[in-house]
Amino acid sequence: MKRSFIVWCIALMSLCLAVHAFAADKKKLRIGTEGAYPPFNMVNKEGKVEGFDIDIARALCKEMNMEPVFVVQDWDGLIPGLIAKKFDCIIASMSITDERKQKVDFTDKYYLTPARFVAKKGAGYTISKDGLKGKTIGVQRATIHENFANDMFGDVATIKAYATQDEANMDLVAGRVDLVVADATVLEGGFLNTDAGKDFEFTGPDFKDKKWFGEGIGIAVRKGDKELREKLNKAIKAIRANGEYQKINAKYFKFDVYGD
C-alpha cells in the first residue's frame, strides 16, 4: 500500500509538471494593430486596446492556444513594422489588395464591408466627377480609400489625407473638408452615431470594387510565413463554425459584417 501511494504521488507530480511546462511554453503571438479605428480597434481610457478586431484576435489566439500580445502602431507603419519583425501579424482591418500582396501575405478574409461617403445633412452632393468638382475630400492616409479617392476624383477634387480617420472626421465637422470617405461601418459606429456626427449623413452608393477594395479584410503575415497563415485560416473557420465569431459580431453590429 505504501509503495502504491508513493507511485501515485510520483505520477501526480509528473502530471503537474507537465501541465506547468505546457502553460509556460504557451507561445505568444505579437499582433500589430492601429488602435485608432473604432469600432474595430481603439485604445480605451485605461490605455488598453479593444474593439472588434481585438476580440477576433483574442478568439483566434484561444483557438490556436496562443497568448495575444498587442503592439499599437501608426497605420502607415504597420506593414514596415511587420516586415521588420516588430510583430508576427497585423489584425487592424487591413484590406487584402494586390498592392499589399507584393509586400505581405494574407489569410482568408474575416470581414467585408463597403466604403461610403459622408457629408453634411442636406448637402445634396452627387458622387460623380461633376458632383464633386472643386470639393475637398478627407481620407485616412495610406489606405485603400485614399487610393480610391485619388483615382476616381483626384483630377477634379482636392484629396486631403490624415493620419487617422478621426482627424478626417473632425475636419469635416469643422468645415475644412466637404466630405469624407471610409469604411461604412467605421463611419456609422465611430462618427454618425456620436454627438459629433449628428449633423452628417451617408451620401451616394456603396463602393466595393475589388480594384480598390480588394477581397475583404484579412490578417497580414510576413511573406512566406505559411505555417502561421494556415493556423490563422483554420482558426477563422473554427470560430465561424462554433459561434464565437457571431457572438463578437453581435457585440458591435446589428448585421453580419462577414459579408458575401
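Right above here is the structure, for reference.
Summarised in this report is the structure supplied together with it.

Definitions and limits used
- Residues numbered from 1 in each chain as written.
- Predicted model: local features only at pLDDT ≥ 70, side-chain atom pairs only at ≥ 80, totals over all residues.
- Heavy atoms only, no water.
- Helix = DSSP H or I, 4+ residues; strand = E, 2+ residues; numbered from the N terminus.
- Expected span 1.5 Å × (residues − 1).
- Buried < 20%, exposed > 50% of the residue type's maximum accessible area, 1.4 Å probe, protein only.
- Contact = heavy atoms within 4.5 Å.
- Pairing = 2+ DSSP bridges.
- Axes fitted to C-alpha atoms, helices over the stretch in contact; angles between N-to-C directions.
- Core = buried A, V, L, I, M, F, W, Y, C linked by side-chain atoms within 4.5 Å.

### Focus on helix α9 (residues 226-241)
Okay, step 1: Taking 1.5 Å per residue, 16 residues should reach 22 Å; α9 reaches 23 Å between its end C-alpha atoms and fits that length.
Okay, step 2: Leu228, Leu232, Asn233, Ala235, Ile236, Ala238 and Ile239 are the residues of α9 that are buried.
Okay, step 3: Against β1 (28-33), α2 (52-64), β6 (89-95), β13 (217-222) and α10 (244-252) lie the buried residues of α9.
Okay, step 4: Positive backbone phi, approximately 90 degrees, marks Gly243, located one or two places after α9.

### Digging into the sheet that holds β6
Okay, step 1: Read from one edge to the other, the open sheet built from five strands follows the order β5-β1-β6-β13-β7, with strand pairing classed as mixed. Every other strand in the sheet has two partners, leaving β5 (67-72) and β7 (104-106) as the edge strands with one partner each. Adjacent strand axes in the sheet meet at a mean angle of 35 degrees when their direction is disregarded.
Okay, step 2: Against the sheet, α9 touches β1, β6, β7 and β13, its axis set at about 155 degrees to β13.

### Remarks on the nonpolar core
Okay, step 1: One finds Phe52 and Tyr110 to be the most contacted residues of the largest nonpolar core, which totals 32 residues.
Okay, step 2: At the level of secondary structure, the elements contributing two or more residues to this core comprise β1, α2, β6, β13, α9 and α10.
Okay, step 3: For this core, the leading source of residues is α2, giving eight residues.
Okay, step 4: Not counting residues up to four positions away in its chain, the partners in contact with Tyr110 are Phe52, Asp53, Ile56, Ile91, Ala92, Ser93, Ile217, Gly218, Ile219, Ile236, Tyr245 and Tyr258.
Okay, step 5: Counting 18 residues, the second-largest nonpolar core is a separate cluster that includes Phe117, Leu132, Ala157 and Phe213.

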